[in-house]
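Chain residues, written in single-letter form:
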Amino acid sequence: MKQYIIITVLAGGLYACSSGAATEKKAADKPAATAHYELAPVKKHGVSESVKLPAQLTAYQEVSIFPKVNGYVQAVLVDIGSKVHKGQLLMTLQDPELEHTSVQAREKYARAQADYTISKENYSRLLEASQTKGAISPMDLASAKAKMQADSALCNAERASWEMEKAILSYLQVTAPFDGVITERNVHPGALVSAAGREQKPMLELKQVDRLRLQVDVPEHIAHSLNDKTRMDFYLSAFPGKKMSAEIARKSDNINTAYRMERVEMDIPNKDNALAPGMYADVIVDAGGSPNAFSVPRPAVVTSTERKYVILVRDGKAVKKDVITGNDSDDEIEIFGDFKPDDQVIVNANDEIKEGQAVNQR
């Protein structure tokens, strides 16, 4: 009885194996079903893009004022917030040694000038006397002329030395290089300042604020479409909801290799002092589409770690085509590559679609 059951089970197993093999053979003999996907045409036009970029207001001009000579601070005539004009005296320094050196240079010049005057007069008289034959030897006349020329050169040198000392002495008077406002003060009367201490804080910080610069870094694929008269809108965090606009005043014509950005600046009038350097802004950049671009639906572009491509359908089969992307909007994206007028792409493309796979339009 047990022997019969075993045989029966074995026979059932053989039948099942035989039936499974037959089923697999039928499945193998049946042709694979063609996948159906939604297709879209590759259009020959660019895509306009509106981008919000961070920006910042800066002073039109700003300078850190350091001492040009060593000395003691004698008086500080301005403070933080003081509005100053070009050439206005900001502070005075004191250096007795420098003043003494200037006096010495002046006296040396006066002595050299006196020596030159005597030498010149002596040569003139000898030259006049030499008109009488045999009265003055040629050697004496040549020596007098050489002495006059040497004294003249020495006089010029001493005058130049005195002028230099006067210029250095003028550095004790610190004046404003342009109109602006004092934004930082770090010294008080009696402090010792050094011309060699540039690693220290500046004595004063001066900024021009009646006109400001709005600086924004623009991605390189957008920067090329901007020019010096392009007008852009911007919003300041200090004035929520207030829309402002300005034209581009200058471009750096240089791409930052770290961030692939180009610096762009706009001039912002600020006569009423409502704005201040350091204010944050959002700039709205409208980039026009490239005339050399094609456009496809955004989901049609597949991005992997190795490549960026679209999947074309040619002769009913999938063809992967590498592309470079540009501007994009909510629905479309620019692509650059070699395309035919009747090319179509799979809209919802993915990396599971294989090269050469049969595709039917849904």
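Every chain's residues receive numbers from 1 upward, in the order its sequence appears when written. Residues qualify for local features only when their pLDDT is at least 70, as the model is predicted, and side-chain atom pairs are given and counted only at 80 or more; totals for whole chains, interfaces and linings, by contrast, use all residues. Neither water nor hydrogens contribute to the side-chain values; these are computed over all heavy atoms in the structure.

Peer 1: How should the pattern of salt bridges be read in this particular structure?
Peer 2: Oppositely charged side chains can form a pair if their charged atoms are brought close together. Any carboxyl oxygen of Asp or Glu within 4 Å of a side-chain nitrogen of Lys or Arg constitutes a salt bridge here. Applying the stated criterion across every chain, the model contains 16 salt bridges. E107 is paired through a salt bridge with R106; the nearest N and O atoms lie 3.4 Å apart. Of the residues examined, E107 reaches a relative accessible area of 45% and is grouped as partly exposed. For the exposure calls, accessible area comes from a 1.4 Å probe over protein chains only, and a residue counts as buried if that area is under 20% of its type's maximum, exposed if over 50%, partly exposed in between. Owing to a relative accessible area of 39%, R106 belongs among the partly exposed residues under this scheme. Of the charged contacts, one joins D267 and R250 as a salt bridge, the two residues approaching to 3.0 Å between their closest N and O atoms.

Peer 1: Quick question: what am I supposed to make of the sheet that holds strand 15 (residues 294-297) here?
Peer 2: In sheet architecture, strand pairing relies on hydrogen bonds along the backbone and comes in two forms, parallel and antiparallel. Only when DSSP finds a minimum of two bridges between them are two strands counted as paired. Numbering of helices and strands runs from the N terminus, with a helix taken as a DSSP run of H or I at least four residues long and a strand as a DSSP run of E at least two residues long. Strand order in the open sheet formed by three strands is 15-20-19, and the pairing between neighbours is antiparallel. The sheet terminates laterally at strand 15 and strand 19 (324-328), the two strands that pair on one side only. Looking at each pair of strands side by side, their axes are set apart by 40° on average, direction ignored. Two strands pair when backbone bridges link them, and strand 19 and strand 20 (residues 332-336) are joined in this way by three bridges, in the antiparallel orientation. Residue D328 lies in a different strand from strand 20, and its bridge partner there is I333. To get an axis, a line is fitted to the C-alpha atoms, and for a helix only the part in contact is used. The angle between two axes follows their N-to-C directions and goes from 0 to 180 degrees.

Peer 1: I'm lost on unusual backbone geometry in this one. Help?
Peer 2: As a rule of thumb, non-glycine residues mostly have phi less than zero, and peptide bonds are mostly trans rather than cis. Despite not being glycine, D253 shows a phi value in the positive range, around 55°. With respect to the helices, strands and loops of the structure, D253 is situated in strand 12 (residues 243-256). The exposed category is assigned to D253, whose relative accessible area is 66%. The phi angle at D315 is positive, at roughly 55°, despite the residue not being glycine. Structurally, D315 is set in the loop between strand 17 (308-314) and strand 18 (317-322). Judged by its relative accessible area of 78%, D315 is exposed.

Peer 1: Please explain the pairing of strand 17 as it appears in this structure.
Peer 2: Successive residues of a regular strand alternate their side chains across the two faces of the sheet. Among the seven residues in strand 17, five count as buried, and that is most of the element. Between strand 16 (residues 301-303) and the antiparallel strand that follows it, strand 17, lie four residues. Relative to strand 18, strand 17 runs antiparallel, the two being bridged by six bridges. By the bridge assignment for strand 18, V313 is matched with A318.

Peer 1: Would you mind going over helix 2 (residues 96-129) with me for this structure?
Peer 2: Its 34 residues give helix 2 an end-to-end C-alpha distance of 50 Å, which sits within 8% of 50 Å, the value for a rise of 1.5 Å per residue. Burial in helix 2 covers these residues: L98, S102, A105, Y109, A112, S119, Y123 and L126. In what follows, a contact means two residues having at least one pair of non-hydrogen atoms within 4.5 Å. Buried-residue contacts for helix 2 involve helix 3 (138-170). For a helix, the expected span equals 1.5 Å multiplied by the number of residues minus one.

Peer 1: When you look at the side chain of K207 in this model, what are you seeing that I'm missing?
Peer 2: In this fold, K207 is placed in strand 10 (residues 204-219). The buried charged residue K207 lacks any salt bridge, with E62 as its nearest oppositely charged partner at 4.2 Å. Apart from residues no more than four positions distant in its own chain, K207 is found in contact with A59, Q61, E62, F178, G180, V181, T183 and P277. Neither His nor the chain ends is counted toward charge; the positive residues are Lys and Arg and the negative residues Asp and Glu.

Peer 1: Sorry, what's going on with the sheet that holds strand 7 (residues 173-175) here?
Peer 2: On the basis of which strands lie adjacent, the open sheet formed by four strands has the order 7-6-4-9 and antiparallel pairing. Edge positions in the sheet fall to strand 7 and strand 9 (192-193), since each has one partner strand and no second. The pairing of strand 4 (residues 71-76) with strand 9 spans two bridges and is antiparallel. Opposite G71, over in strand 9, you have V193 as the bridge partner.

Peer 1: It is not clear to me how the layout of surface pockets should be interpreted in this structure. Could you clarify?
Peer 2: Using a probe with the size of a water molecule, rolled over the atoms, empty space left in the structure can be pinpointed. Lining residues are defined by having an atom within 4 Å of a point belonging to a cavity or pocket. Those points lie on a 1 Å grid over the protein atoms alone, cavities being sets where a 1.4 Å probe fits but cannot get out and pockets being open sets with protein on both sides within 12 Å along at least five of seven lines. Grid points are joined across faces, edges and corners, and a volume is the space filled by probe spheres set on the points. For the largest pocket, the calculated volume is near 290 Å³. As for the largest pocket, its lining consists of 14 residues, and the residues nearest its centre are I65, F66, K68, V174 and T175. Elements with a contribution of two residues or more to the lining of the largest pocket: strand 3 (49-65) and strand 7. Under the convention adopted here, Pro, Cys and the residues Ala, Val, Leu, Ile, Met, Phe, Trp and Tyr are nonpolar, Asp, Glu, Lys and Arg are charged, and Gly plus all remaining residues are polar. Residue classes in the lining of the largest pocket are distributed as eight nonpolar, four polar and two charged. Its volume calculated, the second largest pocket comes out at about 190 Å³. In terms of lining, the second largest pocket is formed by K83, V84, H85, D179, G180, V181, Q208, V209, D210 and N273. Elements represented by at least two residues in the lining of the second largest pocket include exactly strand 5 (83-84), strand 8 (180-185) and strand 10. Among the elements that take part in the lining of the second largest pocket, strand 10 stands out by supplying three residues, more than any other.

Peer 1: Could you clarify how one ought to interpret the pairing of strand 8 in this entry?
Peer 2: Pairing geometry for strand 5 and strand 8, over two bridges, is antiparallel. Bridge assignment links K83 to a residue of strand 8, and that residue is V181. Where strand 8 meets strand 10, four bridges bridge the pair, whose relative direction is antiparallel. Opposite I182, over in strand 10, you have L206 as the bridge partner.

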